[in-house]
Structure formats: structure tokens, C-alpha cells
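Observations on chain architecture
The residues making up each chain are set out below.
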Amino acid sequence: MDPNKGYTLSHSVEELFQSQLKEWGVAGKNYAGLEAVICKEIHLNGFDMQMQFNPERIRSSAAKVDTRSIQERPCFLCPSNLSEEQKGIDYLLHYNILINPFPIFKKHLTIPDQRHTDQRINGRIGDMLHLAQDLPEYVIFYNGPKCGASAPDHFHFQAGSKGMMPIEKDIRLFQGKKLLKETPEGSSFIMEHYSRKTLMLQSSHSEWIIKEFEALFAHFGKLQPNEDEPLMNILSFYENNSWQLIVFPRRQHRPSQFFEEGEKQILFSPGAVDFGGTLIFPRTEDFEKVNAELIEDMFSQLTLSDEMWKQLLTYNS
């Protein structure tokens, strides 16, 4: 599909959705299946988290992302390996906007690079901001290679319908929001007592956000010198002529409960959406047993320690 025939990108994506839901059986079935997804809310310290029981997400939650497993399977984001029924939209000359066939949201996109190149965010925040501005009905998100990405060998963003993640409301209303830095070009904030360490950059100048993020990224890399990329998930959206970039720095991929056996196991492998407050559980037993105490415990294992958080916040000093 060509998005440059008098249509906005949003218009072209909507046309892509409608045609794919009619013509691609897998996508049509799974989006219709969202009607049967069960949700519930859990309240924690002045904010809410949304639980979603979504069996089709088992492929992502339980994905084997070790080097051997990745090498032994064909890359499902490479153009040559896509289903014949799967169509896309070229974007910024080297991305392909696709319908995600295993959705969390009513509208869920995967936006891979057309080249097979590793999941690395450095140098791509400008592209993320472009996407957020061109698709204002969506939240754009990025999962690091050890932070929920089920294809760490192939670079991709994702996008989901606005209004589905609690953090969209929390960054406006949560009392723990605290100003970190304010300049004529933009502002940064943190969320205190929020279960996971959260840093927000807000500006109507994309160049300011890019510069701030690159400083943060470089400093975080020094704090995690053994990682190919510092561990993080990122959300971005555009409204009222301004961007929001939300960064969740992390210390590890999965909580200890993921590796337990029997009744102690909880198949929870969180990415950006989970850190945004919509927690995805593909098994009914996990969805039913999870409570506020377990959520706090799992996120405490994944988010930065207080000491490293303090060190990270000195990135622009």
C-alpha cells in the first residue's frame, strides 16, 4: 500500500486494518477473539493496573530468546518470511508497518525495519517520535532485546491504540509525579512510589527529546557495562503539539516466578505494555492468582534499585 496518495498515514493504516481483517484469516480471528479477553483491575498505592487474560499472547510471553533458539528459527519479521496474506505500508524508506496478528489492543501494529538488524534503540528515537506524530491515535512502544522483545534479532517498534494503558492517565493525575528538570525547550519528570522506576521527557521540540534521551542512554550504558544495550522499555505518544517519551529502565528481563515450576510458576515476561500498567497473562491460573503483593514483588525484581536509580538521574548533571 502507498501512504502517499493524498492520505494521512493514519488513513492508510486504517485501510490496511480493514483489508487485513477481511483477507487474512489469522488476523481476523484473533482480533475478533479480543472480545473474549477477560480484564480486571488491581489497585496499588494510589494507582491502578489492568490485568488482561490473553491466551494468544503465549507466543510472546513464553518466547525462547536465547541465542541458540533464535539462530534455529526463521525470523518472523523479515519480509521474505511473512505470510503471503500479510501486507504492509512502507515508512521512512526502511520500515514496514504491519498488523500484529496476535493483538493486545483493538488496533495493534508491528513496525519492523525492512533489513534484518539487531534490536537496538540507539539512533532511532527520532524515528519513534516521527511515528508518534504521524500516528496520533497510537502509543508507540519499544521493547529492548532483553526486555520483552520476542524478536531481539530484528529491529522493530510496536504501536497500540491510545487509552489502553493506565500510565496515559497516571502521568497527568498521579500525585507521585515530580518535576526533575525544566527548560524553555522541554521538561523531564519522574514517578515516585510507582512500583517501577519511570522517567518522562515532554517537549514540542523533538531535537530536545533526542538530545536528552541520548544523554540518558549513554549514562545508563556506563551503569550496565556488560550489556549490549542498557535494559529499558520505552513508550511515546503525541498530543497537543507535544511529545511524551516515557522510559522504564530495568535491571533484568524476567522475575524469579517465571522460572519456578508447578503452582509457584507465573508466566509473566513483561515488556513496555506491562510497564505501562496493562499486565498480560496468557494462562488462566496466573491471571487468577496474581494480586497486589505479587505484582509489587515482580516489579521490584525488574525495575532499577534505588541506588542505581539515583545514579541514573545524574545523567544531565
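Residues numbered from 1 in each chain as written. Predicted model: local features only at pLDDT ≥ 70, side-chain atom pairs only at ≥ 80, totals over all residues. Heavy atoms only, no water.

Of all 8 residues that make up strand 11 (residues 232-239), 7 are buried, and the element is covered over most of its length. The sheet contact formed by strand 6 (residues 138-143) and strand 11 spans 4 bridges and is antiparallel. Bridge assignment links N143 to a residue of strand 11, and that residue is N233. The turn linking strand 11 back onto strand 12 (residues 242-249) is made up of 2 residues, and N240 within it adopts a positive phi angle of 50 degrees. (Buried < 20%, exposed > 50% of the residue type's maximum accessible area, 1.4 Å probe, protein only. Helix = DSSP H or I, 4+ residues; strand = E, 2+ residues; numbered from the N terminus. Pairing = 2+ DSSP bridges.)

Once that is clear, we can look at the nonpolar core. Core analysis: the biggest nonpolar cluster contains 50 residues, and V13, L109, I121, F157, F213, I234 and L245 have the highest contact counts within it. Broken down by element, the residue count for this core peaks at 7 residues, all from helix 7 (residues 206-223). Counting 36 residues, the second largest nonpolar core, distinct from the first, contains I42, F105, M200 and I246. (Core = buried A, V, L, I, M, F, W, Y, C linked by side-chain atoms within 4.5 Å.)

What follows covers the packing of helix 5 (residues 125-134) against helix 7. The N-to-C vectors of helix 5 and helix 7 enclose an angle of 140 degrees; their axes lie 10 Å apart at closest approach. One finds that helix 5 runs oblique with respect to helix 7. Handedness of the crossing formed by helix 5 with helix 7: right-handed. Contact with helix 5, carried on its side by I125, G126 and L129, involves S206, I209, I210 and F213 of helix 7 and no other residues of that element. Looking at the contact of helix 5 with helix 7 residue by residue, the class counts come to 5 nonpolar, 2 polar and no charged. (Axes fitted to C-alpha atoms, helices over the stretch in contact; angles between N-to-C directions. Parallel < 35°, antiparallel > 145°, perpendicular 65-115°, else oblique. Left-handed = near helix turned anticlockwise from the far one by under 90°. Contact = heavy atoms within 4.5 Å. Nonpolar A, V, L, I, M, F, W, Y, C, P; charged D, E, K, R; others polar.)

What follows deals with the sheet that holds strand 9 (residues 186-191). Picture the strands of a sheet paired through backbone hydrogen bonds; they go either parallel or antiparallel. If you trace the 10 strands from one edge of the open sheet to the other, you get 3-4-5-7-6-11-12-10-9-8, paired in antiparallel fashion. Only two strands of the sheet have a single partner each, and these edge strands are strand 3 (88-91) and strand 8 (177-182). When the angles between neighbouring strand axes are averaged without regard to direction, this sheet yields 25 degrees. Note that strand 10 (residues 199-203) and strand 12 share 5 bridges and pair antiparallel.

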